[in-house]
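# Coordinates in review
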Amino acid sequence: MRAAAIQLNSTNDKARNLELAGRLVRDAARDGAELVVLPEKWNLLGAATELEAGAEELEDGASIGAAREWARELGIHLVAGSIAERVAGAERLFNTSALIDPSGRLAAVYRKIHMFDVEVGGVTYRESEHEQPGEEIVTASAGTVEIGLSVCYDLRFPELYRILAVRGARLITVPSAFTLATGRDHWEVLVRARAIENQAFLIAPDQVGEAP
């Protein structure tokens, strides 16, 4: 399987992000990718208030709708990184990753389990203030390959990846938006560690550039 990791500098301009993501997904498919993976918050990256305002439901939202159309049009498996998902009746948003099959069907949905509540480089992040953790560990088939789903900060919790591997995942996706400080010091070594210790491939597209 040929795979592609799409790395973006997403902003708080959703229309701009969707246009750019669509163009890069098509480029990857033209280059022969059968599986394409977008980064965390690929459709909208901004302040908590902007994420709240721009959150979408999976079935009816414009972002996953566009991703489903790209997968169908191009005949690829597409991991739509993650988006801020609104779920009816839920207290807060979810940080949700979706695997879409070549027919445009939602083949699997994973809601990020580990919340990023840390202080890094003098900046305090409290993801749990506006997002709530998922509870389900998710694997799914993409053709003949079993895929495990994870998101960003999950990377620091090796038990999750061990469970995914034990359940048969031979490829694990890690759409991310790592900070500059943690990315510089920890990103590559953690991605490599999770791959080596589980004898699995990792596809880990990240946000790049300056975050809004």
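In the block above lies the structure referred to throughout.
These figures come from a predicted structure and were not determined experimentally.

Rules used throughout
Residues numbered from 1 in each chain as written. Predicted model: local features only at pLDDT ≥ 70, side-chain atom pairs only at ≥ 80, totals over all residues. Heavy atoms only, no water. Pairing = 2+ DSSP bridges. Helix = DSSP H or I, 4+ residues; strand = E, 2+ residues; numbered from the N terminus. Axes fitted to C-alpha atoms, helices over the stretch in contact; angles between N-to-C directions. Contact = heavy atoms within 4.5 Å. Buried < 20%, exposed > 50% of the residue type's maximum accessible area, 1.4 Å probe, protein only. Right-handed = clockwise from strand over helix to strand, strands pointing away. Parallel < 35°, antiparallel > 145°, perpendicular 65-115°, else oblique. Left-handed = near helix turned anticlockwise from the far one by under 90°. Nonpolar A, V, L, I, M, F, W, Y, C, P; charged D, E, K, R; others polar. Phe/Tyr/Trp six-rings, centres within 6.5 Å; stacked < 30°, edge-to-face > 60°. Lys NZ or Arg CZ within 6 Å of the ring centre and 35° of its normal.

Spatial strand order, 9-10-11-12: four strands in an open sheet with mixed pairing. Looking along the sheet, the strands with just one partner apiece sit at the ends: strand 9 (139-142) and strand 12 (201-203). When strand polarity is set aside, the average angle formed by the axes of neighbouring strands in this sheet is 30°.

Note on placement: Glu-127 falls in the loop between strand 8 (123-126) and strand 9. It is 5.7 Å that separates the C-alpha atoms of Glu-127 and Met-115, two residues lying 12 residues apart in sequence. Not counting residues within four places of it along the chain, the set of residues in contact with Glu-127 comprises Glu-40, Asn-95, Lys-112, His-114, Met-115, Phe-116 and Asp-117.

This part is about the pairing of strand 10 (residues 145-149). With four of five residues buried, strand 10 is to be regarded as a mostly interior element. One ladder, built from four bridges, connects strand 9 with strand 10; its direction is antiparallel. Directly across from Thr-139, in strand 10, lies its bridge partner Gly-148. Between strand 9 and the antiparallel strand that follows it, strand 10, lie two residues; Gly-143 among them carries a positive phi value of about 65°. Relative to strand 11 (residues 171-173), strand 10 runs parallel, the two being bridged by three bridges. Bridge pairing in strand 11 links Leu-149 to Thr-173. Each parallel crossover has a hand, and for strand 10 linked through helix 4 (residues 158-166) to strand 11 it is right-handed.

As a packed pair, helix 4 and helix 5 (residues 180-198) sit with axes 10 Å apart at the nearest point and diverge in direction by 40°. Taken together, the axis directions place helix 4 and helix 5 in an arrangement best described as oblique. Classified by chirality, the crossing of helix 5 by helix 4 is right-handed. Of the residues in helix 5, those touching helix 4 at Pro-158, Tyr-161, Arg-162 and Ala-165 are Arg-194, Glu-197 and Asn-198. Looking at side-chain class alone, the contact of helix 4 with helix 5 contains three nonpolar, one polar and three charged residues.

Right, let's talk about the environment of Phe-157 for a bit. Among the secondary structure elements, Phe-157 is positioned in the loop between strand 10 and helix 4. Distance in space between the C-alpha atoms of Phe-157 and Gln-199 is 16 Å, their sequence separation being 42 residues.

All chains considered together, the criterion is met by four aromatic pairs. The interplanar angle of 70° and the centroid separation of 5.2 Å between the aromatic rings of Phe-116 and Tyr-153 together place this pair among those described as edge-to-face. Taken together, the residues span a long stretch of sequence, with Phe-116 in the loop between strand 6 (106-111) and strand 7 (117-120) and Tyr-153 in the loop between strand 10 and helix 4 at a distance of 37 residues. Like Phe-116, the residue Tyr-153 is buried in the burial classification. Both rings, one in Tyr-153 and one in Phe-157, keep their centres 5.4 Å apart while their planes meet at 80°; by these two values the pair is edge-to-face. The rings of Phe-116, Tyr-153 and Phe-157 are connected pair by pair, giving a single aromatic cluster. Above the ring of Phe-94, the side-chain terminus of Arg-111 is found at 5.4 Å from the ring centroid.

Inspection of the secondary structure assignment puts Ala-71 in helix 3 (residues 62-74). Through-space distance from the C-alpha of Ala-71 to that of Arg-26 is 9.4 Å; in sequence the pair is 45 residues apart. Not counting chain neighbours up to four residues away, the residues in contact with Ala-71 comprise Ile-76, Leu-78, Ile-100, Asp-101 and Pro-102.

Below, the discussion takes up the packing of helix 1 (residues 14-30) against helix 3. At a minimum axis separation of 11 Å, helix 1 and helix 3 run at an interaxial angle of 20°. In terms of orientation, helix 1 and helix 3 fall into the roughly parallel class. The handedness of the crossing between helix 1 and helix 3 is right-handed. Mapping the contact onto sequence places Lys-14, Leu-18, Ala-21, Gly-22, Val-25, Arg-26 and Ala-29 in helix 1 and Ser-63, Trp-70, Glu-73 and Leu-74 in helix 3. Its residues placed into classes, the contact of helix 1 with helix 3 shows six nonpolar, two polar and three charged.

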